[in-house]
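Take a look at the letters that make up each chain.
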Amino acid sequence: MMHLIETYNLTGILIGLVTFLIIGLFHPLVIKGEYYFGVKCWWVFLLLGMGGMAAALLLRNIIASTSCGVFAFSSFWAIGELFEQRKRVEKGWFPKKEKRDEK
């Protein structure tokens, strides 16, 4: 597979596609994370980011390493977006989770 990617010089295109998919994954994760857990789940994104950074440093394959780096920094970005999402919810731009009655 790598031979095909290198032969047709598709590395940049593949990294761009993976970046697009990772960012597309994090957008709903931030929204759902804030909805169900509030901003107290920020540490999960921190751990994901640290894991992604470690993987990026350990992998020799440029596509895998770059993908892990994009994942790591998207995770770090998500921390700030959680707090921004809370503000958007307060403004009424997104629905607020109602507390459930526990019986």
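This section reports on the structure supplied with the text.

Criteria and thresholds
- Residues numbered from 1 in each chain as written.
- Predicted model: local features only at pLDDT ≥ 70, side-chain atom pairs only at ≥ 80, totals over all residues.
- Heavy atoms only, no water.
- Helix = DSSP H or I, 4+ residues; strand = E, 2+ residues; numbered from the N terminus.
- Rg over C-alpha atoms; globule rule 2.2 N^0.38 Å.
- Buried < 20%, exposed > 50% of the residue type's maximum accessible area, 1.4 Å probe, protein only.
- Contact = heavy atoms within 4.5 Å.
- Areas by Shrake-Rupley, 256 points an atom, 1.4 Å probe, with all protein chains shown as cover.
- Lys, Arg positive; Asp, Glu negative; His and termini not counted.
- Charge placed at Lys NZ, Arg CZ, Asp CG, Glu CD.
- Core = buried A, V, L, I, M, F, W, Y, C linked by side-chain atoms within 4.5 Å.

It is worth spelling out the overall build of the protein at this point. The number of helices and strands found in the protein is four helices and zero strands. The linear arrangement of helices and strands in the protein, starting from the amino end, is α-α-α-α. Its C-alpha atoms give the protein a radius of gyration of 17 Å, clearly above 13 Å, the size a compact globule of 103 residues would have. Viewed in the frame of its principal axes, the protein has a C-alpha envelope of about 60 × 25 × 25 Å. Counting across all 103 residues of the protein, residues that qualify as buried make up 29%. For the protein, contacts bridging at least 24 residues in sequence account for 68% of all contacts bridging at least 6. Put simply, the protein shows about 7,600 Å² of open surface, and 67% of that area lies on carbon and sulfur atoms. Across the protein, the centroid of the 12 positively charged side chains sits 3 Å from that of the 8 negatively charged ones.

With that settled, the discussion passes to the nonpolar core. The biggest cluster of nonpolar side chains holds 10 residues, and these are Ile 22, Phe 26, Val 30, Val 39, Cys 41, Phe 45, Val 70, Ala 78, Ile 79 and Leu 82. Within the residue set of this core, elements represented by two or more residues are helix 2 (11-37) and helix 4 (62-90). Apart from residues no more than four positions distant in its own chain, Phe 45 is found in contact with Phe 26, Leu 29, Ser 75, Ala 78, Ile 79 and Leu 82.

Take unusual backbone geometry next. In this structure, Asn 9 is a non-glycine residue whose phi angle is positive, near 55°. The residue Asn 9 is located in the loop between helix 1 (2-7) and helix 2 in this model.

Here Ser 67 lies in helix 4. Other than its neighbours up to four places away in sequence, Ser 67 contacts Val 18 and Ile 22.

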